Amino acid sequence: MSAEDEVTTPTNFIRNIIQNDLDSGKHNTVQTRFPPEPNGYLHIGHAKSICLNFGIAEDFKGQCNLRFDDTNPEKEDIEYVNAIIDDVKWLGFKWRGLHHSSDYFQQLYDYAIELIKQGKAYVDSLSAEEMREYRGTLKAPGKESPDRNRSIEENLDLFSRMRAGEFKDGEYLLRAKIDMGSPNLNMRDPALYRIKHAHHQRTGDEWPIYPMYDYTHCISDAIENITHSLCTLEFEDHRPLYDWVLDEVKTACHPQQIEFARLQLKYTITSKRKLNQLVTEGHVSGWDDPRMPTISGLRRRGYTPTSIRDFCDRIGVTKKDSFIEVAVLENSIREDLNEHAMRVMGVLKPLKVTIENYPEDQSEVLVAQNHPQNPEMGTRNISFSKVIYIERDDFLEDAPKKFFRLSVGREVRLRYAYYITCTDFVKDDSGEVVELICQYDPETKGGSSPDGRKVKGTIHWVSAEHAVDASVNLYDRLFTHPNPAATGDFTEHLNPDSLNALTTCKLEASLADTSTSIHYQFERTGYFVRDDKAKSLTFNRTVTLRDTWAKLDKQNQ
RNA sequence: UGGGGAAUCGUCUAGUGGUAGGACUGCGGACUCUGACUCCGCCAACCAAGGUUCAAAUCCUUGUUCCCCAGCCA
């Protein structure tokens, strides 16, 4: 592999900024951070941020921290902390430090006192509703609170009593003294600390007051010596406040906040609140339901870390609002799985086939390749016998000319086995075909004929006697609308067919004992992975194979 | 004129005054013991109008459209 052929992460405007900062000597190292709030599970949108932050740290030989932005205890939970740690690890990234904003509560408090002493912050007794009135509107300036010119001594006293827990929730608020007339609402004396008598998953009941995001985030970044603080577009308006706080508290380090567009995927929801709703209302089985765009859902679905990181590389990083097509994600997983997945045979919708001229009590062992393009993956044995199952879709009573599968009088190859020709079929009372009668050609063992005759179709099969019973979950998109979040009630657009649970599948014997870490391609049907949450042997379909026949078939209809 | 952002193939994305390139999708075809994979080919874009220039996606002007902001959420 030459240097040019090496797979490299495409550059983007943020990497350009960082490269410039390195070249100019503004920084001689790079420090980033991924700062989730532990109030839900990570989803594919977070993966973009993770890949960006950790990827930049890796590529510029810097470091990236994992920091839990845990300043709102009522919404946060240790369950989420642990899930997030698992997900980041699973994606394959290593953090320099694992921190919590709550680690800095004391420093944050001390800085707040400094702000008060400088006359840059004051304790306000306005109610939430009054605050809203005083804030003004998008077009009209706000007006100053009567408490705005409270004396420094009084502010200090009140703030220390807030901290001591003397007041009820909402009674007082610490606010920055900036500019009630600012066209940027975030600068109209934003809240710094609110009173919240809530139990925190890490600090317990130690703090009755909690710092706000805008105050906490920038200082936490500074404490960790972050050089580039990457966040999503909606925080652009917060950047002046980010800078204001750091300027006023005079931290030695002043990180640069840079905003990029959050990931939006068609037919998908990426909002923790809405994902949470799907879980609590029972539309899915949990945060890790394989239809969920969560990291844990994707993992259970059979997506690999490689595929998700590849996806994140492909979609790029810009400031432009955009919607990525699902096909891009599917392409990433197909590419990875095509290269690495073990090939096996599994019949999803079985149709019994009796091979009339095959000896009754005979069975034989055939050798199958585990990967057609990669002999190093070895071979395995599969059993053949008189009665087998094939895919229901592989037989058509009235088959069109281009249907290279079974129909009466047509010959196909059974993968790695023999050529068979269908001679007859059996229907049940309802008219459904329930069994095929076929003849096999003993000369074609292994799948080729001595006379060199061509057989266009090759189908997969399993021996009835040797097959294992299994359930297989076929998944389709969760929503029928390309942008469900933009509709009134997104649950109205749930796809009723997002899960097709098959319970009568017949798989080759080697699948009886497997783990969730092994990815399979069921030849001709798709990629699958074991679901160990199910009681019985169950596989989840990660993604289908590309299917040009299905496409042709659809066009003809 | 409230403030802050963004506009390039169907969808993402390069481009930073000098041949608009790549990926995904789509459409053809070759190959094939997976209608998979692989390979080959094709279709397809600079928001608009002016201006500067030998030369504009890029610089200037004026518009247009879209996104974000009025939590004691992050």
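So, here's what we can say about the structure. Remember, predicted model here, so these are calculated numbers, not experimental data.

The rules we used
Residues numbered from 1 in each chain as written. Chains lettered and ligands numbered in written order. Predicted model: local features only at pLDDT ≥ 70, side-chain atom pairs only at ≥ 80, totals over all residues. Heavy atoms only, no water. Pairing = 2+ DSSP bridges. Helix = DSSP H or I, 4+ residues; strand = E, 2+ residues; numbered from the N terminus. Contact = heavy atoms within 4.5 Å. Phe/Tyr/Trp six-rings, centres within 6.5 Å; stacked < 30°, edge-to-face > 60°. Buried < 20%, exposed > 50% of the residue type's maximum accessible area, 1.4 Å probe, protein only. Lys NZ or Arg CZ within 6 Å of the ring centre and 35° of its normal. Near = heavy atom within 4 Å. Polar contact = N/O pair within 3.5 Å; in protein donor to acceptor, adjacent residues only side chain to side chain.

Let us now look at the sheet that holds strand β19 (residues 458-459). The strand order across the open sheet built from 7 strands is β19-β16-β17-β18-β12-β15-β20, with neighbouring strands paired in mixed fashion. Two strands bound the open sheet, and with one partner strand each, they are β19 and β20 (461-463). Bridge count for strand β15 (residues 387-391) against β20 is 3 bridges, and the pairing is antiparallel. Its bridge partner lying in β20, I388 is registered against S463.

Among the secondary structure elements, V468 is positioned in strand β21 (residues 468-475). Sequence separation of V468 and G378 is 90 residues, and the distance between their C-alpha atoms is 22 Å. Discounting residues that sit within four places of it in the chain, V468 has contacts with C505, K506, L507, E508, A509, A512 and L537.

Quick look at the packing of aromatic side chains now. Under the counting rule described, the total for this entry stands at 23 aromatic pairs. Plain terms: the ring middles of F159 and Y193 are 5.4 Å apart, the flat faces sit at 70° to each other, and that makes the pair edge-to-face. Separated by 34 residues along the polypeptide, F159 in helix α6 (residues 152-164) and Y193 in strand β6 (residues 191-195) bring together distant segments of the chain. Among the residues examined, F159 registers a relative accessible area of 1% and is labelled buried. Judged by centre distance (4.0 Å) and plane angle (20°), the ring pair of F522 and F528 falls under stacked. The pair formed by F522 and F528 is uniform in burial state, with each residue classed as buried. Among the aromatic residues, those joined into a cluster by ring pairs are F105, Y109, F159, Y193, W207, Y210 and Y215. Across from the ring centre of Y134, 4.7 Å away, lies the NZ or CZ of K143, which sits over that ring. Above the face of the W90 ring, R299 is positioned so that its terminal group lies 5.1 Å from the ring centre.

Turning to the protein's contact with RNA strand B, a few remarks are in order. In the vicinity of RNA strand B there are 69 residues, among which K320, R343, R413, G446 and Q521 approach most closely. A share of 66% of the atoms of RNA strand B within 4 Å of the protein falls on sugar and phosphate groups. At a separation of 2.5 Å, a sugar or linking oxygen of RNA strand B approaches a polar side-chain atom of R413. The separation between a phosphate oxygen of RNA strand B and a polar side-chain atom of T548 is 3.1 Å. Those elements giving two or more residues to the surface near RNA strand B turn out to be α5 (128-135), β6, α11 (305-315), α12 (326-340) and α13 (548-556).

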